[in-house]
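These are the residues of each chain, in order.
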Amino acid sequence: MTIEMAVQELRMGGLVAFPTETVYGLGADASNPASLDKLYSLKGRPRNHPVIVHLGCRSWLPKWTETCEAAEKLADAFWPGPLTLILERRPGVSDQLTGGQNTVGVRMPSHPIALELLIEFGGGLAAPSANRFGRISPTTADHVRQEFGDRVQVLDGGPCKVGVESTIIDLSGGAPVLLRPGHITPEDVFEVLGKKVRVGEGAVRAPGTLDSHYCPETPAFLVDGEKLDKALEQAKTRGLKVAVLCHQQLTSETYWVQAPEDALEYARELYANLRLLDQAGADEILIEEPPAKESWLAISDRLARATTGFKRLDCPR
Ligand code: TXA
Ligand code: MG
């Protein structure tokens, strides 16, 4: 599909999946109620969960939200880029976008195809990640096809560079609150605003922050790196087939995906790796716990939601 075809589809009220630097988005005309209706139906997303409005230009902001000094500073520093700002909504902005709240999430993506699409379309695009609700986010055009088959056309922009969804900072209450960790860290925001970022309890307001999200179909567990051998041995004794994502090299016949040492690389490959593990035909997925450092915050957050927590190793054999 070309950008012209995508623009035409969006103008006719259709949906188009497109690449961003974070993950692929499922785009709909943010000003068209019928398009937004289609978007929620196709994703299977609860109607009260707000979506992010993607902008092609800073000058489009006043159509959707009020602004403030902190928002301007963060946009100067990080737009276009993987940062979503939650700001007070402008009168007339649809409840379909806000989930009935008084705020709107806005971001200007940096992927050249996303920007070109937005500019050619000439208006805001609502774009949740292009996956069925609760499932693993897509970071390639093929992932989107795995989610929706031929029900949606995809603009192919290759693999996403960041690999995890944008950082969400809520500025609607004045002080900055982190609702979802991403590539841009609380420390990055602190450097620009000179204000400490509080970590929010976004559970109700942001579905990406529901406990269970980004889930493989195979039951998945976190394992402390030092206990991995024990976990593998236990699985073997029980006759369970496991698929593992870890740093250390495994010698057994276990299906094993090497976890990158570098946090940026780990994040970039995370969702593709979760899909690989899920497709390995295993009884369970074991994932080595990531380092407890700020640069791994977004990864730890996504892994905590993709798994049902730590594997219990104290059960009798
Ligand atoms: O990187 C991203 O942000 C990707 C790409 C496609 O841009 N989009 C994305 O959208 O992750 P989605 O819908 O999967 O996640 C949007 C998150 C949800 O957790 C939603 O609740 C939150 O943003 N959100 C949107 N508007 C909000 C609002 N007004 N208040 C609080 N949270 C909001
Ligand atoms: Mg999502």
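Here, every reference points to the structure presented above.
As the structure is a computational prediction, the values presented were derived from the model and not from experiment. (Residues numbered from 1 in each chain as written. Chains lettered and ligands numbered in written order. Predicted model: local features only at pLDDT ≥ 70, side-chain atom pairs only at ≥ 80, totals over all residues. Heavy atoms only, no water.)

Brief notes about the packing of aromatic side chains
Part 1 of the argument: Inspection of every chain in the model, using the stated rule, returns one aromatic pair.
Part 2 of the argument: Ring geometry for Tyr266 and Trp296: centres 5.1 Å apart, planes at 65°, overall edge-to-face. With Tyr266 in helix H10 (residues 263-278) and Trp296 in the loop between strand E14 (284-288) and helix H11 (297-306), the pair connects residues that are 30 residues apart, well separated along the chain.
Part 3 of the argument: Since its relative accessible area comes to 2%, Tyr266 is described here as buried.
Part 4 of the argument: Under the relative-accessibility criterion, Trp296 is labelled buried at 4%.
Part 5 of the argument: The ring of Phe221 has Lys311 lying over it, and the distance from NZ or CZ to the ring centre is 4.4 Å. (Phe/Tyr/Trp six-rings, centres within 6.5 Å; stacked < 30°, edge-to-face > 60°. Helix = DSSP H or I, 4+ residues; strand = E, 2+ residues; numbered from the N terminus. Buried < 20%, exposed > 50% of the residue type's maximum accessible area, 1.4 Å probe, protein only. Lys NZ or Arg CZ within 6 Å of the ring centre and 35° of its normal.)

With respect to the pattern of salt bridges
Part 1 of the argument: Per the counting criterion, the structure on display carries 15 salt bridges.
Part 2 of the argument: Arg58 is paired through a salt bridge with Asp76; the nearest N and O atoms lie 3.1 Å apart. You can see Arg58 sitting in the loop between strand E3 (52-54) and helix H3 (61-64) and its partner Asp76 sitting in helix H4 (residues 69-78), a full 18 residues away along the chain.
Part 3 of the argument: For Asp76, a relative accessible area of 56% puts it in the exposed group.
Part 4 of the argument: With its nearest N and O atoms 3.1 Å apart, the salt bridge here joins Glu217 to Arg135. Within this pair, whereas Glu217 is found in the loop between strand E10 (198-199) and strand E11 (220-223), its partner Arg135 is found in the loop between strand E6 (125-126) and helix H7 (141-148), the two being separated by 82 residues in sequence. (Salt bridge = Lys/Arg side-chain N within 4 Å of Asp/Glu carboxyl O.)

Treat this as a map of the structure, not an account of what it does.
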